[in-house]
Amino acid sequence: MKRLSLMLGMSLTVMWVGVSYAAPPSAAAKVDPNAPCYRWPAVDMDGDGVFDRVDHCVSTPPGCAVDVYGCSHDADGDGVCDGKDQCPDTPTGLTVNEDGCAESQLARHQEPPPPPPPPPPPPMSETERQLVEKGHIRLENVYFESNSAKMLPESEASLNEAGAAIA
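Just so we're clear, the structure is a prediction, and the values are computed from it rather than from any experiment.

> Go over unusual backbone geometry with me, naming the residues and quoting the values.
Unlike most non-glycine residues, Asn 141 shows phi in positive territory, near 60°. Tracing the backbone shows Asn 141 in the loop between helix H3 (126-134) and helix H4 (156-166). The backbone phi angle of Asn 147 is positive, close to 55°, even though this residue is not glycine. Locating Asn 147 in the fold gives a position in the loop between H3 and H4. The exposed category is assigned to Asn 147, whose relative accessible area is 87%.

Spelled out as structure tokens, the structure:
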């Protein structure tokens, strides 16, 4: 029996020595060089960047800024951790939303609405289409007084359309 105990003790010692000097696997995503040999690969269950062996706050919400012990900060004391707080300067005592902003702060932090789109261009007139396609305009319905260079009022619409096409 003594011999069996001695052999078992030696086996465990050899296994312990073998494990303690083993190198971490090369496929390990993160290796904590200060962790004891039996704790590799390093574990960070809450994903805050602090290994669980030194993490004092192992359930930190994602996105929170943390200290060296894995505990989140809340500089303005509104209950929303720094890193997720969209309004880090909230005065004490105000009720905030999930982004850490009070109603009074939302108006300051909202982006101004985009400017309205420009109005669509007016439809192309027949005179403008002629000018674009042919490079010249043929004026019709332009009337003058008999034996005079004075235009009649009914010619005004055709001349205004030609002027708009040129402008």
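> Provide a residue-level description of the environment of Gly 163, including the pertinent values.
As for its placement among the helices and strands, Gly 163 is situated in helix H4. By relative accessible area, which is 38% here, Gly 163 ends up partly exposed. Sequence separation between Gly 163 and Glu 128 is 35 residues; the distance between their C-alpha atoms is 9.5 Å.

> Could you give me a rundown of the state of the cysteines, with the residues and numbers involved?
Evaluated as defined, the whole model comprises three disulfides. Shown here is the disulfide that connects Cys 64 with Cys 81, its sulfur atoms set 1.8 Å apart. Its S-S torsion of approximately -75° makes the covalent link between Cys 64 and Cys 81 left-handed. Taken as a pair, Cys 64 in the loop between helix H1 (2-20) and helix H2 (103-109) and Cys 81 in the loop between H1 and H2 lie far apart in primary sequence, 17 residues in all. No difference in accessibility class separates Cys 64 from Cys 81, as the two residues are buried.

> Summarise H4; cite the residues concerned and give the values.
For H4, every residue scored as buried is listed here: Ser 158, Ala 162 and Ala 165. Down the axis of H4, the buried side of the element spans an arc of 60°, and every buried residue falls inside it. The exposed residues of H4 that point more than 90 degrees off its buried face are Ala 157, Asn 160 and Ala 164. Summarising the contacts, the buried residues of H4 are in contact with H3.

> Report on the layout of surface pockets, specifying residues and quantitative values.
In this structure, the largest pocket occupies an estimated 170 Å³ of space. For the largest pocket, the full set of lining residues is Glu 126, Thr 127, Gln 130, Ile 137, Arg 138, Leu 139, Glu 140, Asn 141, Ser 158, Glu 161 and Ala 162. Put simply, the parts of the chain that give the lining of the largest pocket at least two residues each are H3 and H4. Of the residues that constitute the lining of the largest pocket, the class distribution is three nonpolar, four polar and four charged.

Reading the values: rules and limits
- By convention here, each chain's residues receive numbers from 1 onward along its written sequence.
- Totals for whole chains, interfaces and linings use every residue, but because this is a predicted model, local features are given only for residues with pLDDT of at least 70 and side-chain atom pairs only at 80 or more, for both listing and counting.
- Where side-chain values are given, they derive from all heavy atoms of the structure, hydrogens and water being excluded.
- Per the convention used, a helix needs a DSSP run of H or I reaching at least four residues, while a strand needs a run of E reaching at least two, with both numbered from the N terminus.
- Residue burial is assigned from relative accessible area. The probe radius is 1.4 Å, only protein chains are included, and a residue is buried under 20% of its type maximum, exposed over 50%, and partly exposed in between.
- Cysteine sulfur atoms are paired as a disulfide whenever they come within 2.5 Å of each other.
- Note that the arc is defined by the directions from the helix axis to the C-beta atoms.
- The criterion used for residue contact is that any of the two residues' heavy atoms lie within 4.5 Å.
- Cavity means a closed set of points on a 1 Å grid over the protein atoms alone, one where a 1.4 Å probe fits but cannot get out, pocket means an open set with protein on both sides within 12 Å along at least 5 of 7 lines, and lining means a residue has an atom within 4 Å of a point.
- Grid points are joined across faces, edges and corners, and a volume is the space filled by probe spheres set on the points.
- Note on residue classes: Ala, Val, Leu, Ile, Met, Phe, Trp, Tyr, Cys and Pro are nonpolar, Asp, Glu, Lys and Arg are charged, and everything else, Gly too, is polar.

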